[in-house]
Amino acid sequence: MTKVCVRVPATSANLGPGFDALGVALDLHNVVEIGLSEAPRVVVGSEGAHELPSDRTNLVYRAAFALAEVAGVHDVHFSLRCENRIPLARGLGSSAAAIVAGLVGANELLGRPVDLEGLVQLAAQLEGHPDNVVPALVGGFTVAVAEGKQVWWTQIPVPDPPLVVLGIPEFALPTEEARRRLPDRVAFEDAVANTGRAALLVAALVTRRLDLLGVATEDRLHQPYRDPLVPGFAAVCRAAREAGAAGVALSGAGPSVVAFAEAGRAGEVAQAMERAFDACGVRARAIVTHVDPAGAQIVERPNNGWR
Ligand code: HSE
């Protein structure tokens, strides 16, 4: 096999109270064509075309190379063509998607030497936290807990998942910057509040009690500290709720805002989020997405003018 195509979803992590643990895959995808070649070659199209490296320091390339090393295949080079739809540094899992694309693509090319469990562990090590890479790999809603190098994870079976509305500001917020804002210690009562809400959120999704999502998406561990980095965050959350969103949270480390809504309400929620960002002087667009139940997939090469 000389070339494969991998499609990898965007992801929203934390979902409010599930810091570094909860995540969901969405039907907004990057597609990467990856092949073995005589020398490294990287072409990036669409999102990040002018920002992402087009050499072996590219994150997709580094992940593919890491997979080959783990598989004991040395002196290998890859040719990559990345068609990116996931905006960078917006809290939508673009780095997780890059890592997963490199790992899954290289694994396929090399005859699948690493199983899914191995891919999860490797992806989490490369990313540093598991809550985006796990849903990007397996799809759906997931919970993942890391201790040192080990990740324990599972998919959450969610019947008839709600729609997921993303309010995506035009400005970027690097995850490292948003993580630097977090405190070393938190109050016991805040930890208790989050523990209960994270459990409530999972139970509410599994039992489709969308009426519980308002409380279940509240957070005291990271959003209060990141709020100053996202102008309009509180106003956008309020506007989404008033327009009928069942629950609202910061998407990952931000700056995007994620809202859960029934089909009949999602369009209005999206408009309300855009208007609220605009009223705060932040250019933003809102899109309505579906949960991607499948995660990373090997797909047919798109017939869109690629070589
Ligand atoms: N759990 C991570 C954080 C997600 O909030 O920093 C980053 O996408």
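Just so it is clear, the model here is predicted, and its values are computed rather than measured.

**Some thoughts on the overall build of the protein chain**
Point 1. Secondary structure assignment for the protein chain yields 10 helices and 11 strands.
Point 2. For a compact globule of 307 residues, the expected C-alpha radius of gyration is about 19 Å, and the protein chain comes in at 19 Å, within 12% of that figure.
Point 3. Dimensions of the protein chain along its principal axes, counting C-alpha atoms only, are 55 × 40 × 35 Å.
Point 4. By sequence separation, contacts in the protein chain at least 24 residues apart represent 74% of the contacts at least 6 residues apart.
Point 5. Carbon and sulfur atoms provide 51% of the accessible area of the protein chain, an area that totals close to 13,400 Å².

**Brief notes about the site of the ligand**
Point 1. Inspection of the region around the ligand gives N14, F19, D20, H129, D131, N132, T175, R179, R226, G252 and A253 as its neighbouring residues.
Point 2. Here a nitrogen atom of the ligand and a side-chain polar atom of D20 are 2.5 Å apart.
Point 3. A distance of 2.6 Å separates an oxygen atom of the ligand from a polar side-chain atom of R179.
Point 4. Its atoms largely coinciding with the cavity grid, the ligand occupies the largest pocket.

**Some words on the nonpolar core**
Point 1. Core analysis: the biggest nonpolar cluster contains 66 residues, and I34, F78 and F141 have the highest contact counts within it.
Point 2. The greatest single-element share of this core, amounting to 10 residues, is contributed by helix α2 (residues 94-109).
Point 3. Every residue in contact with F141, bar those within four places of it in the chain, is listed here: L15, G23, V24, T154, Q155, I156, V158, P161, L205, F260 and V291.
Point 4. Within the second largest apolar cluster, 28 residues are counted, among which are L229, A270, A272 and F277.

**Quick notes on the environment of P159**
Point 1. Within the secondary structure, P159 is located in the loop between β6 (150-156) and β7 (163-169).
Point 2. With 95 residues separating them in the primary sequence, P159 and G254 have C-alpha atoms 27 Å apart.
Point 3. Setting aside residues up to four positions removed in sequence, P159 forms contacts with L205, V206 and R208.

**Quick word on the pairing of strand β5 (residues 141-147)**
Point 1. Pairing analysis gives three bridges linking strand β2 (residues 22-37) to β5, with the strands arranged antiparallel. Across the sheet, the residue bridging to G23 is T142, located in β5.
Point 2. Note that β5 and β6 share seven bridges and pair antiparallel. In the strand pairing of β6, V145 is matched with W152.
Point 3. What sits between β5 and β6 in their antiparallel hairpin is a turn of two residues, with G148 showing a positive phi close to 60 degrees.

**Here we look at the sheet that holds strand β9 (residues 257-261)**
Point 1. What the four strands build is an open sheet, ordered β8-β9-β7-β10; its pairing is antiparallel. With one partner strand each, in any of the chains shown, β8 (247-250) and β10 (284-289) form the two edges of the open sheet. Each adjacent strand pair in this sheet contributes to an overall mean axis angle of 20 degrees, direction not counted.
Point 2. Sheet contacts for helix α9 (residues 233-242): β8 and β9; angle to β8, the most-contacted strand, approximately 160 degrees.
Point 3. Most of the contacts of helix α10 (residues 263-279) go to β7, to which it runs at about 15 degrees, and overall it touches β7, β9 and β10.

**Let's talk about the pattern of salt bridges**
Point 1. Enumeration over the complete set of coordinates arrives at nine salt bridges.
Point 2. Between R197 and E218 there is a salt bridge, with the nearest N and O atoms lying 2.9 Å from each other. Of this pair, R197 sits in helix α6 (residues 188-206) while E218 sits in the loop between α7 (213-216) and α8 (223-226); the two residues are 21 residues apart in sequence, bridging distant segments of the chain.
Point 3. Owing to a relative accessible area of 37%, E218 belongs among the partly exposed residues under this scheme.
Point 4. Between R209 and D211 there is a salt bridge, and its shortest N-O distance comes to 2.9 Å.
Point 5. Classification of R209 by relative accessible area gives partly exposed; the value is 38%.
Point 6. The class for D211 is exposed, based on a relative accessible area of 57%.
Point 7. A single salt-bridge network, built from bridges that share partners, covers D160, R208 and E262.

**Focus on the packing of aromatic side chains**
Point 1. For the structure shown, the criterion picks out two aromatic pairs.
Point 2. With a centroid separation of 6.2 Å and 40 degrees between ring planes, the pair formed by F141 and F260 is classed as tilted. Placement of the pair is F141 in strand β5 and F260 in strand β9, with a sequence separation of 119 residues.
Point 3. On the basis of relative accessibility, which here comes to 2%, the residue F141 falls in the buried class.
Point 4. Taking the relative accessible area as the measure of exposure, F260 reaches 2% and is therefore buried.

Rules and cut-offs
- Residues numbered from 1 in each chain as written.
- Predicted model: local features only at pLDDT ≥ 70, side-chain atom pairs only at ≥ 80, totals over all residues.
- Heavy atoms only, no water.
- Helix = DSSP H or I, 4+ residues; strand = E, 2+ residues; numbered from the N terminus.
- Rg over C-alpha atoms; globule rule 2.2 N^0.38 Å.
- Contact = heavy atoms within 4.5 Å.
- Areas by Shrake-Rupley, 256 points an atom, 1.4 Å probe, with all protein chains shown as cover.
- Near = heavy atom within 4 Å.
- Polar contact = N/O pair within 3.5 Å; in protein donor to acceptor, adjacent residues only side chain to side chain.
- 1 Å grid on protein atoms, 1.4 Å probe; cavity = no way out; pocket = protein on both sides within 12 Å on 5 of 7 lines; lining within 4 Å.
- Sits in = over half its atoms within 2 Å of the grid points.
- Core = buried A, V, L, I, M, F, W, Y, C linked by side-chain atoms within 4.5 Å.
- Buried < 20%, exposed > 50% of the residue type's maximum accessible area, 1.4 Å probe, protein only.
- Pairing = 2+ DSSP bridges.
- Axes fitted to C-alpha atoms, helices over the stretch in contact; angles between N-to-C directions.
- Salt bridge = Lys/Arg side-chain N within 4 Å of Asp/Glu carboxyl O.
- Phe/Tyr/Trp six-rings, centres within 6.5 Å; stacked < 30°, edge-to-face > 60°.

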